[in-house]
Amino acid sequence: METKWLEDFISLVETNNFSRSAALRHVTQPAFSRRIQSLENWLGTDLIDRTSYPTRLTPAGIVFYEQALEMLSKINGAREMLRSKRAAAQTSIDLAVPHTLSLTFVPKWLTKLEEDFAPIRSRLMALNVHDAVLQLVEGGCDLLLCYHHPRQPVQLDPGRYDMLVLGHESLRAYARCDKNKVPEFTLPGTKRSPLPFLSYTNNAYLGRMVELILSDAKTALHLEPHYETDMAEGLKMMALEGRGIAFLPESAVTRELKQKQLARADGDTSDWEIEMEIRLYRERPSTHRRGKPIVDRLWEFLEAQQNHGAKKRRIPVSER
């Protein structure tokens, strides 16, 4: 299979017209049609329903369109990654980060690092937790930043990977404020009138954290699922529309709380919240894999920061 076949197919789906796509792809229409047929032959199934006009996809074509977009994105991403590594391999830090932390924690953290450490050239890969961990294990990044909880730990061998705790994050329930600046929905709800629940998908790390909150709750919660996604930012936007209650990381709603757009929906109790660590991992340098000098310097700086902070906390008040 050739990548240009994927690009041809995606173009055809977007234009819904063979002639138009052929012109956009700078080939004749017969040549364009042959390339689409070559892709179908390679897949062993028809992608285009040729019994109707205008052009439309077969059920297999609808499924493959999403796969084609993903494949092409990964191919182009790999090419850009390798090209950038060739040019700036030793001076750039590659970070694998779950989506939520990439939006909430990383920008401020990098800004602070540049003030205290040095200007940093970085490349961020926003992924789900599973894929972010794989990037580190497979050597696709220099640093992994992720959430951690003892009951949903990140399984990395401490003999191979170094770890630093950079902070803590609370996961709580939030809802939109009404005109009186109080939440429109408040836990726990009732059997007769369950609360609309904006939830994470089953494969989301924060979804598993919410499951722990619900299973540990001393008072039963009455929630009726209305919407789900794997991204906290998506749940926040739905909560802002007044569509229900969402469990969100505190750092994701700082602005909305300050502006009284969202409010805690748990009555300011700790009964329905959970605290996670924000951890940074790297593969420990070895004789076989030394790692980048810039990463070593940054890690030493962060370790020194933490050691200094720990010493300050241990100094008795009388000696200060």
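Throughout, a residue's number is its position along its own chain's written sequence, starting from 1. Under the rules for a predicted model, residues below a pLDDT of 70 receive no local features and side-chain atom pairs below 80 are neither given nor counted, while totals for whole chains, interfaces and linings still include all residues. Side-chain numbers here rest on the full set of heavy atoms in the structure, without hydrogens or water.

Enquirer: Explain the overall build of the protein chain residue by residue, including any values.
Expert: Each helix is a run of DSSP H or I of at least 4 residues and each strand a run of E of at least 2, with the numbering of both proceeding from the N terminus. Looking only at helices and strands, one finds eleven helices and eleven strands in the protein chain. Dimensions along the principal axes, computed over C-alpha positions, put the protein chain at roughly 85 × 65 × 35 Å. Burial classes: relative accessible area under 20% of the type maximum marks a residue as buried, over 50% as exposed, and values in between as partly exposed (1.4 Å probe, protein chains only). Here the protein chain holds 320 residues, and 42% of them are scored as buried. For the protein chain, long-range pairs separated by at least 24 residues make up 73% of all intrachain contacts whose partners lie at least 6 apart in sequence. In the form shown here, the protein chain has an accessible surface area of approximately 18300 Å², with 50% of it arising from carbon and sulfur atoms. Two residue types count as positive, namely Lys and Arg, and two as negative, namely Asp and Glu; His and chain ends fall outside the count. Charged side chains are reduced to one point each, which is NZ for Lys, CZ for Arg, CG for Asp and CD for Glu. Positive and negative side-chain charges in the protein chain, numbering 44 and 42 respectively, have mean positions lying 3 Å apart. Only heavy atoms matter for contacts: two residues are in contact if any of them lie within 4.5 Å across the pair. Using a 1.4 Å probe, the Shrake-Rupley method yields the accessible areas, and only the shown protein chains count as cover for residues.

Enquirer: Hey, could you go over the packing of helix H1 (residues 3-15) against helix H3 (residues 29-43) for me, with residue numbers and the actual values?
Expert: Where helices are involved, their axes are fitted lines through C-alpha atoms of the stretch in contact, as for all axes, and angles between N-to-C directions lie from 0 to 180°. Closest axis-to-axis distance for the H1/H3 pair is 9 Å, and the angle between their directions is 110°. Taken as axis vectors, H1 and H3 run roughly perpendicular relative to one another. Contacts between H1 and H3 involve Lys4, Trp5, Asp8, Phe9 and Leu12 on the former and, on the latter, Phe32, Arg35, Ile36, Ser38, Leu39 and Trp42. Charged means Asp, Glu, Lys or Arg here, nonpolar means Ala, Val, Leu, Ile, Met, Phe, Trp, Tyr, Cys or Pro, and polar covers whatever is left, Gly included. Partitioning the contact of H1 with H3 into residue classes produces seven nonpolar, one polar and three charged. Note on terminology: angles under 35 degrees are roughly parallel, angles over 145 are roughly antiparallel, angles of 65 to 115 are roughly perpendicular, and the others are oblique.

Enquirer: Which residues make up the pattern of salt bridges, and what values go with them?
Expert: A pair is scored as a salt bridge if a Lys or Arg side-chain nitrogen falls within 4 Å of a carboxyl oxygen belonging to Asp or Glu. This structure, assessed with the given rule, holds 24 salt bridges. Among the salt bridges present, the one from Glu7 reaches Arg25, with a minimum N-O distance of 3.0 Å. Of the two residues, Glu7 is situated in helix H1 and Arg25 in the loop between helix H2 (18-24) and H3; the sequence distance between them amounts to 18 residues. The partly exposed category is assigned to Glu7, whose relative accessible area is 29%. Look at Arg25 and you get partly exposed, because its relative accessible area is 23%. Linking Asp94 and Arg123 is a salt bridge whose minimum nitrogen-to-oxygen distance equals 3.3 Å. Of this pair, Asp94 sits in strand E3 (residues 92-98) while Arg123 sits in strand E4 (residues 121-127); the two residues are 29 residues apart in sequence, bridging distant segments of the chain. Classification of Asp94 by relative accessible area gives buried; the value is 3%. A residue is classified by how much of its surface remains accessible, and Arg123, at 22% relative accessible area, is partly exposed. Counted as one network, the salt bridges with shared partners bring together Arg172, Glu250, Arg264, Asp266, Asp268 and Glu273.

Enquirer: Help me get a handle on the pairing of E3, residues and values and all.
Expert: Within E3, seven of the seven residues are buried, which leaves it mostly tucked inside the rest of the structure. Alternating positions in E3 separate into two faces, Ser92, Asp94, Ala96 and Pro98 on one and Ile93, Leu95 and Val97 on the other, with burial throughout. A pair of strands counts as paired when DSSP detects no fewer than two bridges linking them. Bridge count between E3 and E4: seven bridges; the pairing is parallel. The residue bridging Ala96 from the neighbouring strand is Met125, located in E4. Here two bridges tie E3 to strand E5 (residues 143-148), and the two strands are oriented parallel to one another. Opposite Ala96, over in E5, you have Leu144 as the bridge partner.

Enquirer: An account of the nonpolar core is needed here, citing residue identities and associated values.
Expert: Ranked by size, the top nonpolar core spans 67 residues in total, and within it Leu144, Leu171, Tyr200, Leu206 and Phe247 carry the most contacts. Setting aside residues no more than four positions away along its own chain, Leu171 makes contact with Tyr200, Leu206, Met209, Val210, Ile213, Phe247, Leu248, Pro249, Trp272, Glu273, Ile274 and Met276. To define a nonpolar core, start from buried Ala, Val, Leu, Ile, Met, Phe, Trp, Tyr and Cys residues and group those joined through side-chain atoms within 4.5 Å. Membership of the second largest hydrophobic core comes to 16 residues, among which are Leu6, Leu39, Ile48 and Phe64.

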